[in-house]
Amino acid sequence: MQSRKVLQMIPEADALDDEKAHLAAEAARDFPTDAEGQYPLPPSTLSAQVYADPAGFEREMQRIFYRSWFPACPSADLPSPRDYVVWDKLRQSIVIARQDDGSLAAWHNACRHRGARVVRESGSCKAGRFACPWHGFQYDLSGLVRFTPLRGSFDAARLQGLRALPVRVREWSGFVWICFSDDVPELDRYLGTLWDELSFYGLERFKVLYRFQLKLTANWKVVVDAFNETWHVPFTHASTLGHMVQWRDARLKIDSPHSWMTIPVKGFTDRVGLQVDHRLSHICHYLAFPNTFFSCFPTHLQTWNIWPTSLCETEFTAWGMVGPAPAGVTEEQWQKQNDRDWKHFCAVSTEDARVLNEWGSVSRSLGAGTYMFNTAEGRLTAFHEEIARRTRTGEQD
Ligand code: FES
Ligand SMILES: [Fe+2]
């Protein structure tokens, strides 16, 4: 039963309503709707400087990105023992390697001798040893130094048990998650409510079928902001999402540092019924602080990350994950549906990217002073309060 509804989620172009009439009707509804009446936070303001301060950016790297969990890659990227991924983001290079017992180890890809990059790119290491290209120190899959040329010429005590510095790693929900700090709670406690919310979908059964990447010329926080509210939909996504989601009926949940919202889908949520679990009837859109989004539908989802590369440059990387074909849907139909959904997601993201790059082009404007968030933007208010709390000056890194 679910399957037919899923297949109808994105109508063919010729089946679209008159989108303008629909959007006008949506915008004309009395304020507040039931959902809007429950928005959790009052309006707020934010200095434009928050997006343009180099010192603040450094504090964000140290106190937020180096103290959070995020997915580095799908588990499927390392299916077999001795497979490894070299992950280069956030000014770090990390080797994530599948051990012979099937577990994972992650370690900094910087040689303990004089700091060379030990492993150049992802692959499979049949020999189980990585040799540093500079002076030949050899590391095993766990990052332990196993061979040192001219061993007798070193201070023996320094070589004792020497290993590349480890990184915390955890496999969950089809992804390899990493964290650079030992002071952060375990992933389940870190994610809190989101752990339970996402567990519902059984993402281990999903396959990663699609990938997409964009480089943006805007500060990373405004990119996160862009995905945390729905009311830009009728303007930025008039012809792609406007007919599809009931953007005025999104319900917001703040569970700091994370947040999420449930968005009714036109022609789907009303037929499934509101008494059904929100994860079976709505698009559920989660932000795992600071930079990971999951946009979940019962049968498939998109997940994406926002990676700062510099104060004004950001990388957006997305994966499309698909569950088993629903009952009554052939593999061929399912594939076609998923291809279409993914194409749609990429089109929507590209619309966001255009606005964000244009935002970047005026972000140093002398006319940019204080920005304002309305009650529909409560997730942005909560996100920036969290950033401010963690990066407050005067506190230790
Ligand atoms: S820097 Fe790696 S062996 Fe010298
Ligand atoms: Fe958008």
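Residues numbered from 1 in each chain as written. Chains lettered and ligands numbered in written order. Predicted model: local features only at pLDDT ≥ 70, side-chain atom pairs only at ≥ 80, totals over all residues. Heavy atoms only, no water.

1. Considerations on the overall build of the protein
Okay, so step 1: Counting its secondary structure elements, the protein contains 13 helices and 19 strands.
Okay, so step 2: The C-alpha radius of gyration of the protein comes to 23 Å, within 12% of the 21 Å expected for a compact globule of 397 residues.
Okay, so step 3: Across the 397 residues that make up the protein, the buried fraction comes to 54%.
Okay, so step 4: Considering only contacts in the protein between residues 6 or more positions apart, those separated by 24 or more positions represent 65%.
Okay, so step 5: For the protein, the accessible surface area stands at approximately 18,400 Å², while carbon and sulfur atoms represent 52% of it.
Okay, so step 6: Here the protein carries 44 positive and 48 negative side-chain charges, and the mean point of each set is 6 Å from the other. (Helix = DSSP H or I, 4+ residues; strand = E, 2+ residues; numbered from the N terminus. Rg over C-alpha atoms; globule rule 2.2 N^0.38 Å. Buried < 20%, exposed > 50% of the residue type's maximum accessible area, 1.4 Å probe, protein only. Contact = heavy atoms within 4.5 Å. Areas by Shrake-Rupley, 256 points an atom, 1.4 Å probe, with all protein chains shown as cover. Lys, Arg positive; Asp, Glu negative; His and termini not counted. Charge placed at Lys NZ, Arg CZ, Asp CG, Glu CD.)

2. Considering the sheet that holds strand E8 (residues 138-140)
Okay, so step 1: With respect to topology, 3 strands assemble into an open sheet ordered E7-E8-E9, the strand pairing being antiparallel. A single partner strand is all that each edge strand has here, and the edge strands are strand E7 (129-131) and strand E9 (145-147). Pairs of neighbouring strands in the sheet enclose a mean axial angle of 40°, with direction left out of account. (Pairing = 2+ DSSP bridges. Axes fitted to C-alpha atoms, helices over the stretch in contact; angles between N-to-C directions.)

3. Let's talk about the side chain of His232
Okay, so step 1: Tracing the backbone through its elements, the reader meets His232 in the loop between helix H8 (220-226) and helix H9 (233-236).
Okay, so step 2: If sequence neighbours within four positions are ignored, His232 has contacts with Ala226, His237 and Asp352.

4. A short note on the environment of Ser259
Okay, so step 1: Within the secondary structure, Ser259 sits in strand E14 (residues 258-264).
Okay, so step 2: Considered as a pair, Ser259 and Asn228 are 31 residues apart in the sequence and their alpha carbons are 8.6 Å apart.
Okay, so step 3: With near-sequence residues (within four places) excluded, Ser259 lies in contact with Asn228, Lys253, Ile254, His285, Tyr286, Leu287 and Arg379.
Okay, so step 4: A distance of 2.8 Å separates polar atoms of two side chains, one belonging to Ser259 and the other to Arg379. (Polar contact = N/O pair within 3.5 Å; in protein donor to acceptor, adjacent residues only side chain to side chain.)

5. Notes on the coordination of the iron ion (ligand 2)
Okay, so step 1: Here the iron ion (ligand 2) is held by His232 (NE2), His237 (NE2), Asp352 (OD) and Asp352 (OD), and the distances to it run 2.0 to 2.6 Å.
Okay, so step 2: Around the iron ion (ligand 2), the 4 donor atoms sit at angles spanning 56 to 158°, and that spread fits a shape best called irregular.
Okay, so step 3: We classify Asp352 as buried; its relative accessible area is 5%. (Donors = N, O, S within 2.8 Å, 3.2 Å for Na, K, Ca; no water. Tetrahedral: all angles 85-135°; square planar, octahedral: opposite > 155°, others 65-115°.)

6. Some remarks on the packing of aromatic side chains
Okay, so step 1: Tallied over the entire structure, the rule returns 31 aromatic pairs.
Okay, so step 2: Taken together, a centroid distance of 6.2 Å and an interplanar angle of 55° make the contact between Trp87 and Phe180 tilted. Linking Trp87 in strand E3 (residues 83-89) with Phe180 in the loop between strand E11 (175-179) and helix H6 (187-191), this pair joins segments that are 93 residues apart in sequence.
Okay, so step 3: In this structure, Arg114 is placed above the aromatic ring of Trp134, and the distance from its NZ or CZ to the ring centre is 4.5 Å. (Phe/Tyr/Trp six-rings, centres within 6.5 Å; stacked < 30°, edge-to-face > 60°. Lys NZ or Arg CZ within 6 Å of the ring centre and 35° of its normal.)

Any functional reading would require information that these geometric values do not contain.
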